[in-house]
Each structure stands twice: as structure tokens, then as C-alpha cells.
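Listed here are the chains, written in short residue letters.
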Amino acid sequence: MTTLSVQHPLLLMGPMVRRAEKTTVCIQFATSKQVNGRIELMGYECYSEQNSVRLGEHLFLQFIVIKPINSQFPRDILLQYQLFFDDSPVDLSAFSFNDGALPAFVIPKRLTQILHGSCRNAHHPAKDSLVSSSQWQATQRSNNQQGAQLLLLSGDQVYADDVAGPMLLAIHKLIEQLGIYKEQALALDLPDDISQQLYGRHHLLPTTSWKKRSKLGIGYWLKKDEPHFSSVKAYNHLIHFEEFVALYLLNFSSTAWQYVDLSKLNYSGGNEKSQALFSTEKATLIDYAKGLAEVERLCANVSTLMMFDDHDVTDDWNLTAGWEQAINQNPSSKRIVNNGLASYWLFQGMGNDALQKTGALLTPFITSLAGDQHWQFKAFDKHLNDFNHWHYELTTIPKVVVLDTRTHRWRNEQNFNEPSGLLDWERLTELEESLLSHDQVIIVSPAPVFGVKSIEAIQAVFNMCGQPLMVDVENWMAHEGSAKKLLDTFRRTDTPNETLILSGDVHYSFCFSVQKRFGDHPNRIWQLTASGIKNEFPRKLINVLDKLDSILYGPKSPLNFFTKRWHMEVDKHQTKGTGQKYLVSDSAISLVTLKGGNLDRYQLIHGDGHTTEFDLEEQ
């Protein structure tokens, strides 16, 4: 493989602080050549272990795990760090919140403030809330405050199934410039010129013939083939592994955009609608790229942990057993899904546990690179699909339990087209055990456990009509078994006195408090939902649904007794100030403030910098 003759910056991405504990700190970054890297925590004796993954001629993904020599790293104080390449210090001033200082992070023990969000779509017109969150964090540090100790990203950190036209061109430009290694060709009839694929890839992706569809559905009678990739915006869906790798760089690295001159990217097709869309997307991406330096600065100073949801791989990922079956029966479809999962593992998963379990996939992955510098993933796929530890926990106060609600689905064995439960019996039992013997627990669930009832009712209607994929019927209450098991767990008398559930996915924010209607155990559950970081639910529609929910499912409405959670009292909390509302569509990342382990404040930091706060008092 040959690449253009350019001068490559040594540091391509990062550093990004990932899992940070008293015995282990993991920091990841990317370089344009192999280096001997180490990191020192200033004032503390420590040593570094480095893992390098070569992804291209000029692309190396680096993980440095720092460990103390004699004792343990201190917690709940700011720790400065210095990165060295071949024993020479790297200039990290661009990543520091204080002029002339090094970046610094906290190893949390007692959590006091958490930033949480999901759904960051690069070309959505909303402002990037990670940028405003970084600016908020900078203000805290300038006031000698720690600010947020954790940044929790609970899904859709990238949108592999909803890619802008200019972004797809930028991806291929970056692949060329960095010489990112490619996978073997798939059995898809794709034009060689990427510009000829713009806004038309959905016609080239695999489908299931209408003849094989159920006669109970309208698709059979309309003789309409069923697409395997059900995103309504799949016209630029990522396909190749190298495309996923480049997308991650363009979503988390300001340096990566130095290889791409957006002003010179143009749509060469003759479709006027696509031309207008391309121009709009390009303007949005130019603004997005300008904010990435601020995002990198935030991630260099706050322990950042992540979990996938569907768009990190593809829309409706494992939503029904029928969807899974169609994907697994087509080699190209299976390869695309595994490309999404493998790239998640590289850029998100390994940092979540500091390679403790995820590192087991390194050897089979590295050996997948053939002598011709092309990936041959057949053997690696088995290891990847058998891997069973995407979920993880933090031994902080409160304890943090992060759920994998995508690969442990409770499938409906009677009807493969019915939505699967978000967790199977085994994982729900493990969750139940994780909650016991703790006064306070934080659960990170990509989808809300206690959602908006009117919206879930609309989803149920679509599901009864055989169209669960059309409206993403993947709320916790959509599957009888998983809903009952989870609610039974929350009703136990030995569960935490206070449980915080942090969720996103739905592109609007809300705050619900939940208690049992019957029993003496004074437990309270807070459902805190903030979404998206750079995405929004249509504002006029969310206002209609907000009013509809208040009318149909008010505190005295008999309709409440027809829901699966009728024995749980759900109170909705309004925003403070003028124009009070229960549902907020504006793009935001949530700021959760704790006092003594219990919820003290719930605020939203919006993309344009203003804040919204929910009233936590009884309504």
C-alpha cells in the first residue's frame, strides 16, 4: 500500500483518559508511527505497560496502562500526567485546562459530579454538547474545583448507519492518507469510485427476498424485499472495516481533519436533492470539526467510559431474533456488523476495562493481518462473537453498573419478529446480585428503564402491526419476561435505598422518580435521561407527546393500571423556571450532582451553553 507523501503529525488522537482506579489507569491515543511510550503521574512512583495495535501504514492505536510501584494511587484528588515518546516529553499544553500546566484527572472514590450523555451525530444541526461540557469543565478547574470526575457515554458515540455524504468522502480521504489497512473484498457489487456510491449504498446492501418473508406481513403481498440494514438513513451506511476505523478518528480527533479539506469535497452526481443535502451536511461538519479540539481536551482530563448502543454498529442491532437470523445467514451482512463491533472494541471497549478482559482479543486480531496487508477476519470473528464481557462495573461510591443491552438479548422464541428483551435471564440475575448489599447504585442503561408511557404505547401499536423495526420497539417493557424480572428486582426489600438509572437513546431528556406503591422498603429509583449530545427529537412533536402523556397517563388515570409497571409509582419532574416542561428535546449532556451518594441536582448542559435544571421536589 502506498500513501501520499505528507508530513504526518506524530500524535494523531488523544490522549484520552479511560478507566482510572487506585491500582490501574488506562490512557489511549493514536500515533502516526510506532513509538516507545510511557506516562508518569507527577509526584508518584509508577510504571507503564504499553500495547500497540497497528491499523495502517501511518496509524497506530496505543494503550498505556499505568500502575503504582509501591502502594496505590490516591483518589478524589487531581493527578497531573506527562506523556513521553522515546523518553522525550510530549507537549500536552493543548490538552490542559490551565495555561502552562499538564492535563489532570481524578481517580474517583466518592462520586460527586458525573457528565453523562449519548447520541452524538456529527452532521446533525444541533450544537455538540461535548464542546459546551468541556467549557463548563474548564470553568470548574479555573475555580480550583475538580468538576466532573467521570464522563459516561452510554451509546451511539458514532453513527455508522447514518453517515453524511461529505463524511463518507472524508473517511476515504483519511484511509488513503494514513494508509489504513483494508479488509478483503466483500461479495457486494459496489462501484470502485466512492463518489458514485454517495446516497445510494442502501440499494447495494443485502436484502431478504420478499418470497421468504412472512405472509402475515404486508411486505410479502407488496413483493417488497426486506433490507437487512433497516436504518431509514442507510444511504451512506459504512461497510468496510477501514471505514469504521476512519470514522472513529474523525469523531474524536481534531488532527484527523487536517488531512481533509472539507471546502474541496463536492458532490458530483446529478441529483438536486442530494446536492442540497451534501451542501447542508458539509456546512455542519465544518462547524463540528472546529469543536473537536475542545472535545479532546475534555477527554484528556476526565475519565471517559463508554458503552455501545445500536448506531455504533447499525440501527436496530439485534432488535428481534428475526433480524439476527437474517444478518447471520448472509456473509456480507454479518461482516458489516462484525466490523462495527470490532471497531467499537478497539476505540471504546478496551479502555473500559483497561484491557483486563478485552485484551484477550488482541492476539487473534493482530494475527488477522495477512502478508498482503489486508485483514482476514474469519478466525477473529469467532473470538469476537464469543466474547462475553462488554459490560463492566466501577467500585466507586455509589457503585456504577454499566449494562450491555445489545449482545445479551432475551429472544422471543415463539415469534422471531417480536422485540427481544434487552437483557436475558442470566444477565438480569447477575444485575440483581450486583444491586444487593449496596445503599446506592448507579445503573447505566442505554435505553430508559422507565420511559414515557404514551410513546411506549405508540410503539406497542406498531409492534402489533408487525412493524417493530419502524419505530425501534426496544424499551424495557416491550418484552414480558425481562420486564417482569427487572421490576421484581426493584421491588425486593434488600435492593439499594436509592438507585440512579442513567439513560439516553431517545433524543429527549426527562427526570422521573419511582417508588413501590406497596411495601415498607423506602427505596427510590431515579430515571435520568439525557439525549442526545448532538441529536434532537423533533421539538414540535415532543411537545405534543408531552401533553398527550400528561393527559392519558396522569397520576389518577386508570390507564396506568394497564401498564407493566402499575405497581410502581412514577412521578414526573418538571424543569425549573419559565416554560416548565417534562420532556426537553434540546441537545444536551447531563450533569448529575450527588451528595452523600444520593441525587442532589440534575441539570442539562446544552450545546449552545445554556443550562436546564429539573425540580427534584415531589410534584
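Residues numbered from 1 in each chain as written. Predicted model: local features only at pLDDT ≥ 70, side-chain atom pairs only at ≥ 80, totals over all residues. Heavy atoms only, no water.

Draft legend 1. Representation of the overall build of the protein in the model. A count of helices and strands for the protein gives 14 helices and 25 strands. By its C-alpha atoms, the protein is 70 × 65 × 45 Å across when sized along the principal axes. Counting the 619 residues in the protein, one finds 62% classified as buried. In the protein, the share of contacts with a sequence separation of at least 24, taken over all contacts with a separation of at least 6, comes to 76%. On the protein, roughly 25000 Å² of surface is accessible, and the fraction owed to carbon and sulfur atoms is 50%. (Helix = DSSP H or I, 4+ residues; strand = E, 2+ residues; numbered from the N terminus. Buried < 20%, exposed > 50% of the residue type's maximum accessible area, 1.4 Å probe, protein only. Contact = heavy atoms within 4.5 Å. Areas by Shrake-Rupley, 256 points an atom, 1.4 Å probe, with all protein chains shown as cover.)

Draft legend 2. Representation of the sheet that holds strand 22 (residues 568-573). The strand order across the open sheet formed by 7 strands is 16-17-18-19-21-20-22, and the pairing between neighbours is mixed. Of all strands in the sheet, those with a lone pairing partner are strand 16 (392-394) and strand 22, marking the two edges. Taking the axes of each pair of neighbouring strands and ignoring which way they run, one obtains an average angle of 20° across the sheet. One ladder, built from 6 bridges, connects strand 19 (residues 498-503) with strand 21 (residues 524-529); its direction is parallel. Of the residues in strand 21, the one forming a bridge with Leu500 is Trp526. (Pairing = 2+ DSSP bridges. Axes fitted to C-alpha atoms, helices over the stretch in contact; angles between N-to-C directions.)

Draft legend 3. The environment of Ser48, seen in detail. As for its position among the elements, Ser48 is in strand 4 (residues 46-56). With residues up to four places along the chain from it excluded, the contact list for Ser48 reads Arg38, Ile39, Ile64, Val65 and Ile66. A distance of 3.0 Å separates the side chain of Ser48 from the backbone nitrogen of Ile39, its partner in a polar contact. (Polar contact = N/O pair within 3.5 Å; in protein donor to acceptor, adjacent residues only side chain to side chain.)

Draft legend 4. Just the pattern of salt bridges, in detail. For the structure shown, the criterion picks out 26 salt bridges. Arg411 is the salt-bridge partner of Glu324, the closest N and O atoms lying 3.0 Å from each other. On the criterion of sequence distance, the pair formed by Glu324 in helix 7 (residues 321-328) and Arg411 in the loop between strand 17 (399-402) and helix 11 (425-435) is long-range, its members being 87 residues apart. Classification of Glu324 by relative accessible area gives buried; the value is 10%. Its relative accessible area of 41% is what places Arg411 among the partly exposed residues. Put simply, Glu393 and Lys399 hold a salt bridge, and the shortest N to O gap is 3.2 Å. Taking the relative accessible area as the measure of exposure, Glu393 reaches 31% and is therefore partly exposed. On the basis of relative accessible area, Lys399 is assigned to the buried category, the value being 14%. (Salt bridge = Lys/Arg side-chain N within 4 Å of Asp/Glu carboxyl O.)

Draft legend 5. Just the packing of helix 8 (residues 331-352) against helix 10 (residues 378-386), in detail. Packing of helix 8 against helix 10 leaves a shortest axis separation of 11 Å and a crossing angle of 65°. Accordingly, the angle class assigned to the pair helix 8 and helix 10 is roughly perpendicular. Helix 10 is crossed by helix 8, and the crossing has left-handed handedness. Seen from helix 8, the contacting residues are Lys334, Arg335, Asn338, Leu341, Ala342 and Trp345; seen from helix 10, they are Phe380, Asp381, Leu384 and Asn385. (Parallel < 35°, antiparallel > 145°, perpendicular 65-115°, else oblique. Left-handed = near helix turned anticlockwise from the far one by under 90°.)

Draft legend 6. The pairing of strand 23 (residues 588-595), seen in detail. Summarising burial for strand 23: 7 of the 8 residues are buried, a large majority. Two strands pair when backbone bridges link them, and strand 9 (residues 113-117) and strand 23 are joined in this way by 4 bridges, in the antiparallel orientation. Across the sheet, residue Leu115 finds its bridge partner in strand 23, namely Leu591. With 8 bridges connecting them, strand 23 and strand 24 (residues 598-606) associate as antiparallel partners.

Draft legend 7. Summary view of the nonpolar core. Counting 126 residues, the largest nonpolar core has Leu55, Met167, Leu346 and Phe365 as its most contacted members. Excluding anything up to four places from it in sequence, Leu346 contacts Val53, Leu55, Leu61, Phe63, Phe241 and Phe365. Core analysis: the second largest hydrophobic core is formed by 23 residues, Leu41, Cys46, Phe85 and Ala300 among them. (Core = buried A, V, L, I, M, F, W, Y, C linked by side-chain atoms within 4.5 Å.)

Draft legend 8. Expanded view of the sheet that holds strand 9. If you walk across this open sheet you meet the 6 strands as 14-10-9-23-24-25, and the pairing is mixed. This sheet does not close on itself; its edge strands, each paired only once, are strand 14 (303-306) and strand 25 (611-613). Sheet twist, expressed as the mean angle between neighbouring strand axes with direction ignored, is 25°. Pairing of strand 24 with strand 25 involves 3 bridges; the strand directions are antiparallel. Counterpart to Gln603 in the pairing with strand 25 is Glu613.

Draft legend 9. Inspection of unusual backbone geometry at higher detail. A cis geometry characterises the amide bond from Gly14 onward to Pro15, with omega recorded as 0°. Phi at Asp505 takes a positive value of approximately 75°, unusual for a residue other than glycine. Within the fold, Asp505 resides in the loop between strand 19 and strand 20 (510-516).

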